[in-house]
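Listed below are the residues making up each chain.
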Amino acid sequence: MLRAAWEMADMVEVLPFSEGEINEAVASNPAVEHLYVYLLDGSDIRQQFDGLIRTYTGRDRMVLGANEIYLLCHESIRDSKLATSLGKLKVSLTARNWKTISKLYEITRE
């Protein structure tokens, strides 16, 4: 999935999790990545996404953005039932951790 420089800027600037929420997740397991962005192919998935969120009861959090899904895991993404449930969405997507997104954003600003 390709993104223009302005889309990368929007993605970084509207991060839906507070620094406190991110720090809390990191404190639960400092050895793994906790923040991910799933880039969507442009499909409208609001109904699918809402249904998926309604059935989840764990600590991980997921927020639908303009054309991406933000995921904050308290443990490894490999153990996240919320991350696993994204496979149920009928849409093409690809995940990147926040460090990669931040680096790509910095490259677009050069």
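Structure: see above.
Residues numbered from 1 in each chain as written. Predicted model: local features only at pLDDT ≥ 70, side-chain atom pairs only at ≥ 80, totals over all residues. Heavy atoms only, no water.

**Describing the overall build of the protein**
Thought 1: Broken down by element type, the protein carries five helices and four strands.
Thought 2: Walking the protein from its N terminus toward its C terminus, one meets helices and strands in the order α-α-β-α-β-β-α-β-α.
Thought 3: For 110 residues, the compact-globule formula gives about 13 Å, and the C-alpha radius of gyration of the protein, at 14 Å, lands near that figure.
Thought 4: Along the three orthogonal principal directions, the C-alpha set of the protein runs to about 40 × 35 × 20 Å.
Thought 5: Taken over 110 residues, the protein has a buried fraction of 37%.
Thought 6: Across the protein, contacts joining residues at least 24 apart in sequence account for 75% of those joining residues at least 6 apart.
Thought 7: Accessible surface, the protein: about 6700 Å² in total, of which carbon and sulfur atoms supply 50%. (Helix = DSSP H or I, 4+ residues; strand = E, 2+ residues; numbered from the N terminus. Rg over C-alpha atoms; globule rule 2.2 N^0.38 Å. Buried < 20%, exposed > 50% of the residue type's maximum accessible area, 1.4 Å probe, protein only. Contact = heavy atoms within 4.5 Å. Areas by Shrake-Rupley, 256 points an atom, 1.4 Å probe, with all protein chains shown as cover.)

**Looking at the sheet that holds strand 4 (residues 93–97)**
Thought 1: Here we have four strands laid out as an open sheet, ordered 2-3-1-4, and antiparallel in their pairing. Sheet topology places strand 2 (61–64) and strand 4 at the edges, where each strand pairs with a single neighbour. Strand after strand, the sheet turns through a mean of 20 degrees between neighbouring axes, direction not considered.
Thought 2: Relative to strand 3 (residues 68–72), strand 2 is paired through four bridges, and the arrangement is antiparallel. (Pairing = 2+ DSSP bridges. Axes fitted to C-alpha atoms, helices over the stretch in contact; angles between N-to-C directions.)

**As for the environment of L2**
Thought 1: By the element assignment, L2 lies in the segment before helix 1 (5–13).
Thought 2: The exposed category is assigned to L2, whose relative accessible area is 81%.
Thought 3: Sequence-wise, L2 and V12 are ten residues apart; in three dimensions their C-alpha atoms are separated by 15 Å.

**As for the environment of S28**
Thought 1: Looking at the element boundaries, S28 is found in helix 2 (residues 19–28).
Thought 2: In this structure, the C-alpha to C-alpha distance between S28 and Y105, residues 77 residues apart in sequence, is 27 Å.
Thought 3: Not counting residues within four places of it along the chain, the set of residues in contact with S28 comprises H34, R59, H74 and E75.
Thought 4: A polar contact of 2.5 Å, which involves the side chain of S28, links it to the backbone oxygen of A25.
Thought 5: A polar contact is formed between the side chain of S28 and the backbone oxygen of H74, at a distance of 2.3 Å. (Polar contact = N/O pair within 3.5 Å; in protein donor to acceptor, adjacent residues only side chain to side chain.)

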